[in-house]
Amino acid sequence: MHKIAPDIGYCISKVLRDYSVVIEPDVCLLLSSPLWLGMNISNGNAYVPVGKDIIAYLNPLFLESFSVNANCLFLPVRGNSQEHFTYLIKRLKNQRKTLVKLSGDVLERNDRLPDGAAVPVLGVIEHILEHPGSNGAVVDLVFSERSTLTLSEADFVKYWHSDTASKINTEWFTIIPSQGKLTWALIEQKLRAAFVRQYHHLRPNRGGVVTGSAVLEFLRSNLCQGTGRYGDPASHFYLWQTGKGIIHLRKGYAYALNKAEGMGPAVDVLQQGLLDSVRAWEDLYKVLDRDMTVRQLSDQYEVLIEKENKLIQNFKAFV
């Protein structure tokens, strides 16, 4: 069965329209995507790059970033799914769509959920059609412009509600914009502020939390010195083999920048810097192998560090 691909920018845009606020999905992505994911490491802890398959798990972080950059109220709510399903119906009757967090299994419609449930994804409840009798309601969900899903009430609750002690999936999110109308000039200001925040998060830091290109320098230093957790090339293969989330995040962000092309040449330079970064990461994955030599891997890191530092300077142009 075809796997549904979530689009957080589209979901945010759809929810905002209930408040008569129109922001295009790509602009919502620019205001929400935390590009620094996978580019930070705490001293003494193992480094974990962000995998493409767990991006959806981090979507609440996207919502939080959006609320800061767009000056919106962001409310996460956790409760008992059986008791709160009726509340979601009431929200729809009041013309308010709801972002809900579901088990990722819903995207492939597995017959059963594992005990821990798959990493969750976000979707928008488009409609809930109530039917009298024992069959309950029918729920229409939207994940992206082309991805929709219809579930019975029982199935929806199954994917929304977790029987684990934490009940981690039983959540929904509310985003309330601060004003009803947004001119492009105001959106431009918000985008510039978002670019500045990206710069501050991406710039290299070598303190208690290593960030940005300093992460790559740290890994390269371990490798070249043959010391530490990442002293041999094989450890780098196992580190990166599932970490393609960086490519996924940056590629989506670069294409979304087409919506901001009227903001001047600095945006074009930024887009090119992101695409150069993406190509450098893709080149790493083309040659990534457990039998790589220290020299081969070190050369890849050298290129990545150069591209990352250049990208940081591109973001700095907005400071």
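The shown structure was predicted, so the numbers you read here are calculated from the model rather than taken from an experiment. (Residues numbered from 1 in each chain as written. Predicted model: local features only at pLDDT ≥ 70, side-chain atom pairs only at ≥ 80, totals over all residues. Heavy atoms only, no water.)

Let's talk about the overall build of the protein
- Within the protein one finds eleven helices and nine strands.
- For the protein, buried positions account for 50% of its 319 residues.
- Summarising the internal contacts of the protein: among those between residues at least 6 apart in sequence, 71% fall at separations of at least 24.
- Of the accessible surface of the protein, which amounts to about 15200 Å², a share of 49% is contributed by carbon and sulfur atoms. (Helix = DSSP H or I, 4+ residues; strand = E, 2+ residues; numbered from the N terminus. Buried < 20%, exposed > 50% of the residue type's maximum accessible area, 1.4 Å probe, protein only. Contact = heavy atoms within 4.5 Å. Areas by Shrake-Rupley, 256 points an atom, 1.4 Å probe, with all protein chains shown as cover.)

Some points on the sheet that holds strand 7 (residues 171–177)
- With antiparallel pairing, six strands are arranged side by side in an open sheet as 2-7-3-4-5-6. Each having just a single partner strand, strand 2 (72–78) and strand 6 (148–152) make up the two edges of the open sheet. Between one strand axis and the next, the sheet turns by 35° as a mean value, whatever way the strands run.
- Inspection of the sheet shows strand 4 (residues 121–129) paired to strand 5 (residues 138–142) by five bridges, in the antiparallel sense. In the sheet register, Ile128 faces strand 5, and the bridge partner there is Val139. (Pairing = 2+ DSSP bridges. Axes fitted to C-alpha atoms, helices over the stretch in contact; angles between N-to-C directions.)

Some words on the packing of helix 2 (residues 25–32) against helix 6 (residues 184–202)
- Relative to each other, helix 2 and helix 6 sit at 35°, their axes nearing to 9 Å. Residues Val27, Leu30 and Leu31 of helix 2 form the contact with helix 6, whose participating residues are Trp184, Ile187, Lys190, Leu191 and Ala194.
- When the residues that make up the contact of helix 2 with helix 6 are grouped by side-chain class, the tally is seven nonpolar, no polar and one charged. (Nonpolar A, V, L, I, M, F, W, Y, C, P; charged D, E, K, R; others polar.)

Topic: empty space enclosed by the protein
- Under the criterion given, the structure shown has two cavities of 30 Å³ or more.
- The volume enclosed by the largest cavity comes to roughly 50 Å³.
- Lining of the largest cavity is provided by Val21, Ile23, Ala70, Cys72, Pro177, Ser178, Gln179, Leu182 and Lys190.
- Residues belonging to the lining of the largest cavity are distributed by class as follows: six nonpolar, two polar and one charged.
- Contributing to the lining of the second largest cavity are Gly273, Asp276, Ser277, Lys307, Lys310, Leu311 and Asn314.
- Those elements giving two or more residues to the lining of the second largest cavity turn out to be helix 10 (265–287) and helix 11 (294–316). (1 Å grid on protein atoms, 1.4 Å probe; cavity = no way out; pocket = protein on both sides within 12 Å on 5 of 7 lines; lining within 4 Å. Points joined across faces, edges and corners; volume = space filled by probe spheres on them.)

Details of the pairing of strand 6
- Where burial is concerned, the two faces of strand 6 differ: the one with Leu149 and Leu151 is buried and the one with Thr148, Thr150 and Ser152 is not.
- In this antiparallel pair of consecutive strands, strand 5 and strand 6, the connection spans five residues.

Description of the environment of Val139
- Its location among the elements puts Val139 in strand 5.
- Take Val139: its relative accessible area is 0%, and that puts it in the buried class.
- For the pair Val139 and Leu151, spaced twelve residues apart in the sequence, the C-alpha separation amounts to 5.2 Å.

Quick word on the packing of aromatic side chains
- Counted according to the given criterion, the structure contains ten aromatic pairs.
- Look at Phe85 and Phe156: their rings are 5.7 Å apart centre to centre, the planes differ by 50°, and that puts the pair in the tilted class. With Phe85 in helix 4 (residues 81–93) and Phe156 in helix 5 (residues 153–160), the pair connects residues that are 71 residues apart, well separated along the chain. Of the two residues, Phe85 and Phe156, both sit in the buried class.
- Ring geometry for Tyr87 against Trp172: centres 5.6 Å apart, planes inclined by 35°, an arrangement best described as tilted. (Phe/Tyr/Trp six-rings, centres within 6.5 Å; stacked < 30°, edge-to-face > 60°.)

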